[in-house]
Amino acid sequence: MTTIATTNPATERVEQTFDALSEDAVDRYVGRAAEAFASYRLTPVGGRAAWMSAAADILDEEADRIGAMVTAEMGKTFTAARAEARKCAHACRYYAEHAEGFLADRPADAEAVGASGAYVRYQPLGPVLAVMPWNFPLWQVIRFAAPGLMAGNVGLLKHASNVPRTALFLEDLFRRAGFPEGVFQTLLIGSRQVERVLRDPRVRAATLTGSEPAGRSVAAIAGDEVKPTVLELGGSDPFVVMPSADVAAAAEAAATSRCLNNGQSCISAKRFIADIGVADEFERRFVEAMRDRTVGDPMDEGTDVGPLASEQGRADVEALVADAVGKGATVLCGGERPAGPGWFYPPTVISGVTPEMRMFHEEVFGPVASLFRVRGVSEAVELANATGFGLGSNAWTREPDEQERFVRELDAGQVFINGMTTSYPELPFGGVKRSGYGRELSQEGVHAFCDAKSVWIK
Ligand SMILES: O=CCCC(=O)O
């Protein structure tokens, strides 16, 4: 039985528990979604845009309150939680402004197909089940919902069980913004109830951001039902530093990326690969920057790193570090949990990580970096790609030829040169290999849940 509860990771105190919906209730929610879709799909895009802009205004106006709610549920710093609310507002506005263009009919060569007119029309799929994680509990949902709803779909959210207040807030947000009843609903359900919803013929597609096992399971059921899916799974992003790089800037960005969201972001850089020409300097600066991060109360605006979201999450990180150290790796900073309540874990840098260690292959979902040394671009690319994941990637070099090689050869859905991987509504987001498939955000995110209907007229 899944516990749906708000437990403050900084205090370990359970603040509120929630009952999961009964099967009958879930059935009513799905029915309401199907009914809402029948009329919502016909609403003009301009009307949807007005509601989406209203959602953006609420997110901006209430960013402080929303931020405090998120911090209390999953432990990210208040500063980061408030920034997340504002980023969501920006995304809602972006789709309100651009969706009409993304959804416009695309003309085709009528003469070539023997027609007097031919074009492609983008039409919504229907109710989409969104299975979402706790790490960016607002943003991960908005990343689907803003483009998805603008395209005329309706959403059913199954959020992670540790962020129920945020999940309910999101339903309320879209209702208050003016979207018709049933267009966006939160299902407070456990993961065992997901299969039934996904197999319901009224649900037409699914999107999942989360772990690889969860992705496999949802994709397998959806495949059996012949329903499309978008999967955004884990990552173990490389961060390469070459001799021509601005090493000071790279080291600071490296620490920011690794400590982002208390180390719990799929696109945090996790494996730091420095060319031998700058490895000593990079290591010194990076370890210093990681040591300088302030760990503490996530509500305090001076805190850089709050607690991990769960006790299990911290135990998983500790097990990966212990495995590496037990097999000969060296801890350069951090590596010990602090005393006292809260699921804190300090920024940690580890060198000497080898393929025998779990950390070499697995995603570390906490502020722990592994450090490697290579000679030249070919070795850097080989090591960067020596992972089953392929979400984001970062390379620091001022040499145009090297930049082009990293762009071409890194196996990842994103490559950032002289910067850290970040998601933007303006750019498609997603992974390759075991990091998933399909794209969210930008025009691709709108089309992900559309049928491209070919129209031929004589
Ligand atoms: O955890 C992965 C998503 C992070 C983001 O979209 O910024």
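Residues numbered from 1 in each chain as written. Predicted model: local features only at pLDDT ≥ 70, side-chain atom pairs only at ≥ 80, totals over all residues. Heavy atoms only, no water.

Novice: What am I meant to see in the overall build of the chain here?
Specialist: Within the chain one finds 15 helices and 18 strands. Here the chain has a C-alpha radius of gyration of 23 Å; the compact-globule value for 458 residues is 23 Å, and the two agree. Counting across all 458 residues of the chain, residues that qualify as buried make up 57%. Expressed as a percentage of contacts within the chain between residues at least 6 apart in sequence, the contacts between residues at least 24 apart total 72%. (Helix = DSSP H or I, 4+ residues; strand = E, 2+ residues; numbered from the N terminus. Rg over C-alpha atoms; globule rule 2.2 N^0.38 Å. Buried < 20%, exposed > 50% of the residue type's maximum accessible area, 1.4 Å probe, protein only. Contact = heavy atoms within 4.5 Å.)

Novice: Is there a simple way to explain the domain arrangement of the chain in this structure?
Specialist: The assigned domain composition of the chain is domain 1 (4–233 + 433–457) and domain 2 (237–417). Computed over C-alpha atoms only, the centres of domain 1 and domain 2 are separated by 30 Å. Each partner contributes to the interface: domain 1 provides 26 residues, whereas domain 2 provides 28 residues. Buried surface at the junction of domain 1 and domain 2, both sides included, amounts to about 2200 Å², of which 56% is carbon and sulfur. (Domains from an automatic or database assignment. Buried area = accessible area lost by both parts, 1.4 Å probe.)

Novice: I'm lost on the sheet that holds strand E13 (residues 348–351) in this one. Help?
Specialist: In sheet architecture, strand pairing relies on hydrogen bonds along the backbone and comes in two forms, parallel and antiparallel. With mixed pairing, the seven strands of this open sheet are ordered in space as E12-E13-E14-E11-E10-E15-E16. Whereas interior strands pair on both sides, the edge strands pair on one side only; in this sheet they are strand E12 (330–333) and strand E16 (416–417). Bridge count for strand E10 (residues 237–241) against strand E15 (residues 394–396) is three bridges, and the pairing is parallel. What sits directly across from Phe239, in E15, is Asn394. Sheet strands touched by helix H9 (residues 247–259): E10, strand E11 (269–275), strand E14 (368–374) and E15. Its angle to E11, the strand with the most contacts, is close to 160°. (Pairing = 2+ DSSP bridges. Axes fitted to C-alpha atoms, helices over the stretch in contact; angles between N-to-C directions.)

Novice: Is there a simple way to explain the site of the ligand in this structure?
Specialist: Surveying the vicinity of the ligand reveals the residues Lys87, Asn135, Phe136, Trp139, Gln140, Arg143, Ser265, Cys266, Ile267 and Ser423. Side-chain polar atom of Asn135 to an oxygen atom of the ligand: 2.9 Å apart, as the coordinates give it. A distance of 3.3 Å is found between an oxygen atom of the ligand and a side-chain nitrogen or oxygen belonging to Gln140. In the complex, the protein chains occlude 96% of the 250 Å² of accessible area that the ligand would expose alone. When each cavity is represented as a set of grid points, the ligand is found to reside in the second largest pocket. Classifying every residue of the shell around the ligand by side-chain character gives four nonpolar, four polar and two charged. (Near = heavy atom within 4 Å. Polar contact = N/O pair within 3.5 Å; in protein donor to acceptor, adjacent residues only side chain to side chain. Areas by Shrake-Rupley, 256 points an atom, 1.4 Å probe, with all protein chains shown as cover. 1 Å grid on protein atoms, 1.4 Å probe; cavity = no way out; pocket = protein on both sides within 12 Å on 5 of 7 lines; lining within 4 Å. Sits in = over half its atoms within 2 Å of the grid points. Nonpolar A, V, L, I, M, F, W, Y, C, P; charged D, E, K, R; others polar.)

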